[in-house]
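Notes for the structure review
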Amino acid sequence: MSRLIFPSVVRSLSCLLSLATTFTQAADISATQERADRFLSLVNASYQALAYVESQAQWKAATDVTPAHDAASETAGKARAAFIGNPALITETKALLLFRRDLKELTVRQLERLLLIASESPMTNPALTAARIEAETAQNSTLNRFEFKHAGKPITANEIDNLLQSSTDLTERRAVWAASKASGQALKEGLVKLRDLRNGVAQEMGYSDYFSLQVARYGMTTDEMLRMNAEFMSVLRPLYLQLHTWTKHKLAEKFKQPVPRLIPAHWLNNRWSQEWGGLSEGADLKPFFKDRTPEWIVKTAESFYTSMGFATMPASFWPKSDLYPVPAGDQRKKNTHASAWHLDLEADIRSLMSVEPNPWWFNTAHHELGHVYYFMSYTRPDVPPLLRDGANPGFHEGFGELTGLASSQVPYLKHVGLLPADFKADETAFLLNNALDGGIPFIYWSSGVMTHWEADVFAKNLPAAEWNKRWWHYVREFQGVEPPAPRGEEFCDPATKTHINDNPAYYYNYAFAQVFKHQLHDHIARKILRQPPQACNYAGHPEVGAFLRTIMEKGATTDWRRLLKETTGEDFSTRAMLDYYAPLMRWLEEQNQGRTIGWQ
Ligand code: X8Z
Ligand code: ZN
């Protein structure tokens, strides 16, 4: 809505440039600061109000897919864009940033953030921004209402995952795996359109492409982000090759098949081979969930935080969230991927999940509440709404992943009563489970396949006719996994992954989160709890809560590298992650003696 004007703050850029030469004295400096303060107080209030309207509409569209909810979400998206992408607002922000040396750091951070947010929907090109919002809404709708079919019958995402975790019949596994890829075909056309629209908005604001706009949240370029991810993969490679070798031998034995060179994708328990859980028998927690309810899982995740001195979640979390699967027979369609939402950037916090009583959802519920407690911690007057976010997006995922890791520790599982107090844990089995289930193979999926494929699509404009071929090239190269049969361009397997559609150029944040979580976990276990990182328990320790809060309450007000260094004493590093798995490396080398390591 380009009719929005801010009379006291909007001036033309040329006028401001001429003012720049005269802004040298202290009085002028404080006038610039005052002008920025007035501008930002208006922007923060309007941003918060409009984001709330849009988030509420998006929530309805994600939890109950109907044409009316889609239309409302699109309208609210356009209203927010009209404000936050307004050319006058962009001009004033850029103009103020010319005087960045005269402004407080917090002010500069808000202005920079504002430009990043505006770059998602620049109303300097209203037709482009409108087309993007329409295409995003349509894509979400297709994704969220997609009905998978197996053996001629509808099958839910939870049912697909449960079958891949339990079935020992390779014919059935292959059919279920193939069924899980059907959504990609329905989503490809929208994704092709969105690639251009997403790149278009980023280019409108001077970025080379959408990927580089997203990595700007780290203050990094695309090449720097790719190098960081290559570094994660390189330092962990010896461990990954050992795990890959152990896993393919284990699976070949399980399915009574010859040992393959690459692991067939339908042998693994996850639709994308991103986690390889369920193989470490001594750490199988499934039987312990027999008498547990989904409600118990979410309440337990909340207690993890309250036991460390955090407040309970806002009372409205419970009635407003959508935590459990749609009951059988109910026609409502909702997004099936877990998420946490900070709708009003105050206390309206919700989570969208489909929790069932099993180890996977136990971990995921803890992950989501990591986001929730980050939201709660930085929602305070010192953190302006524009900066109520993670220090970088990987910090947000990192608190989720840290909570997941802490919830997998045997002493915690005993503390919450899931494991009996006299349970004799096989430490290696639990460490192996950590490594397989979201630890090491996950890096080759996130840093490798997802990040490289999306960088190719956005930054290198990979032709849509080569999308599936490139995808499986990366799956083979990085993961050492192959499809059960050739997957031509009639399929679009990357589009089966939620984030490719609704959280584009984001996935390297999960790789960052793995490394980050180990760094925090190592600090907490060794320096605060004085317990071994592989077997420790945060619950009941307010000193751990106090440490976490020192990072969480800052939100995005501080540079992420500085914040990490100030709180842990260490630069960002894979050191802690390697230390954590060092005992496992030794064990795997013994198990794999005489075997060919890796697949090259
Ligand atoms: O998407 C998620 C969370 C929500 S932020 C459940 N995760 C990634 C995934 O499922 O692919 C958690 C780890 C990886
Ligand atoms: Zn998350």
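The structure under discussion appears in the preceding block.
In this report, we go over the structure that sits alongside the text. Since we're looking at a predicted model, the values are computed, not measured. (Residues numbered from 1 in each chain as written. Chains lettered and ligands numbered in written order. Predicted model: local features only at pLDDT ≥ 70, side-chain atom pairs only at ≥ 80, totals over all residues. Heavy atoms only, no water.)

Focus: the site of ligand 1
This is how the line gets drawn: The criterion for a residue being near a molecule or strand is simple. One of its heavy atoms has to lie within 4 Å of it. N or O atoms within 3.5 Å of each other form a polar contact, as long as, within protein, one can give a hydrogen and the other can take it, and as long as residues adjacent in sequence are counted only when both atoms are side-chain atoms. Accessible areas in this description were obtained via Shrake-Rupley with a 1.4 Å probe; residue shielding takes into account the shown protein chains only. Numbering of helices and strands runs from the N terminus, with a helix taken as a DSSP run of H or I at least four residues long and a strand as a DSSP run of E at least two residues long. Polarity classes work like this: nonpolar for Ala, Val, Leu, Ile, Met, Phe, Trp, Tyr, Cys and Pro, charged for Asp, Glu, Lys and Arg, and polar for all others, with Gly in that last group.
Lining the immediate surroundings of ligand 1 are 13 residues, of which Gln274, His337, Lys497, His499 and Tyr507 lie closest. Tyr507 places a polar side-chain atom, nitrogen or oxygen, 2.5 Å from an oxygen atom of ligand 1. Interatomic distance of 3.1 Å between a side-chain N/O atom of Tyr510 and an oxygen atom of ligand 1. Coverage of ligand 1 by the protein amounts to 90% of the 370 Å² it exposes when considered alone. When residues of the shell around ligand 1 are traced back to their parent elements, those giving at least two are α14 (359-378) and α15 (393-406). Per element, the largest residue contribution to the shell around ligand 1 is three residues, and it comes from α14. Tallied by class, residues from the shell around ligand 1 come to four nonpolar, five polar and four charged.

Considering unusual backbone geometry
Heads up, the condition is: Using a 1.4 Å probe on the protein chains alone, a residue whose accessible area is under 20% of its type maximum counts as buried, one over 50% counts as exposed, and one in between counts as partly exposed.
Positive phi, close to 60°, is recorded for Ser273, a residue that is not glycine. For Ser273, the position within the fold is in the loop between β3 (263-264) and α12 (294-306). According to the relative accessible area criterion, Ser273 is buried, its value standing at 2%. Phi is positive for Arg530, which is not a glycine, with a value near 55°. Note on placement: Arg530 falls in the loop between α21 (508-529) and α22 (542-552).

Considering the packing of helix α2 (residues 26-63) against helix α5 (residues 105-118)
Each packed pair of helices is defined by two parameters, the angle between the axes and the distance between the axes. To keep it simple, the criterion reads: Lines fitted to C-alpha atoms define the axes here, with helix axes fitted over just the stretch in contact, and angles between the N-to-C directions of these axes take values from 0 to 180 degrees. Throughout, the term roughly parallel applies to angles under 35 degrees, roughly antiparallel to angles over 145, roughly perpendicular to angles from 65 to 115, and oblique to all others. Note on convention: near helix rotated counterclockwise from far helix by under a right angle means a left-handed crossing. Clockwise means right-handed. What makes two residues a contact is simply this: any of their non-hydrogen atoms within 4.5 Å.
Packing of α2 against α5 leaves a shortest axis separation of 11 Å and a crossing angle of 45°. Taken together, the axes of α2 and α5 are oblique relative to one another. Here α2 and α5 pass one another in a crossing that is left-handed. Counted together, Gln33, Ala36, Asp37, Phe39, Leu40, Val43, Asn44 and Tyr47 of α2 and Thr107, Gln110, Leu111, Leu114 and Ile117 of α5 form the full contact between these two elements. Its residues assigned to classes, the contact of α2 with α5 shows eight nonpolar, four polar and one charged.

A closer look at the pairing of strand β4 (residues 339-342)
For clarity, the threshold we go by: In short, DSSP must find at least two bridges between two strands for them to pair.
Where β4 meets strand β5 (residues 349-352), four bridges bridge the pair, whose relative direction is antiparallel. Bridge assignment links Ala340 to a residue of β5, and that residue is Ser351. Between the antiparallel neighbours β4 and β5 lie six residues, among them Leu345 with a positive phi of about 60°.

Observations concerning the side chain of His366
Tracing the chain through its elements places His366 in helix α14. Looking at His366, the relative accessible area reads 0%, which means it is buried. A distance of 2.8 Å separates a polar atom in the side chain of His366 from a polar atom in the side chain of Tyr412. Beyond its immediate stretch of four places on either side in the chain, His366 contacts Thr300, Ala301, Phe304, Gly400, Thr403, Gly404, Ser407 and Tyr412.

Concerning the coordination of the zinc ion (ligand 2)
Ideal geometry at a metal gives 109.5 degrees between four tetrahedral donors and either 90 or 180 degrees between six octahedral ones. Rule in force here: A donor here means an N, O or S atom no more than 2.8 Å from the metal, or no more than 3.2 Å when the metal is Na, K or Ca. Since water is not included, a site may seem to lack partners. Square planar and octahedral assignments, for four and six donors respectively, both demand that opposite donors be over 155 degrees apart and that all other angles lie between 65 and 115; tetrahedral needs four donors with all angles between 85 and 135 degrees, and anything else is irregular.
Surrounding the zinc ion (ligand 2) are the protein donor atoms His367 (NE2), His371 (NE2) and Glu397 (OE), at 2.0 to 2.1 Å. What the four donor atoms of the zinc ion (ligand 2) show is an angle range of 97 to 127° at the metal, which sorts the shape as tetrahedral. All donors of the zinc ion (ligand 2) come from a single chain, and their spacing in sequence reads H-x3-H-x25-E. Note that His371 is positioned in helix α14 and Glu397 in helix α15, a separation of 26 residues in sequence. You can call His371 buried: its relative accessible area is 7%. For Glu397, a relative accessible area of 4% gives the class buried.

Take it as geometry only, folks, not as evidence of what the structure does.
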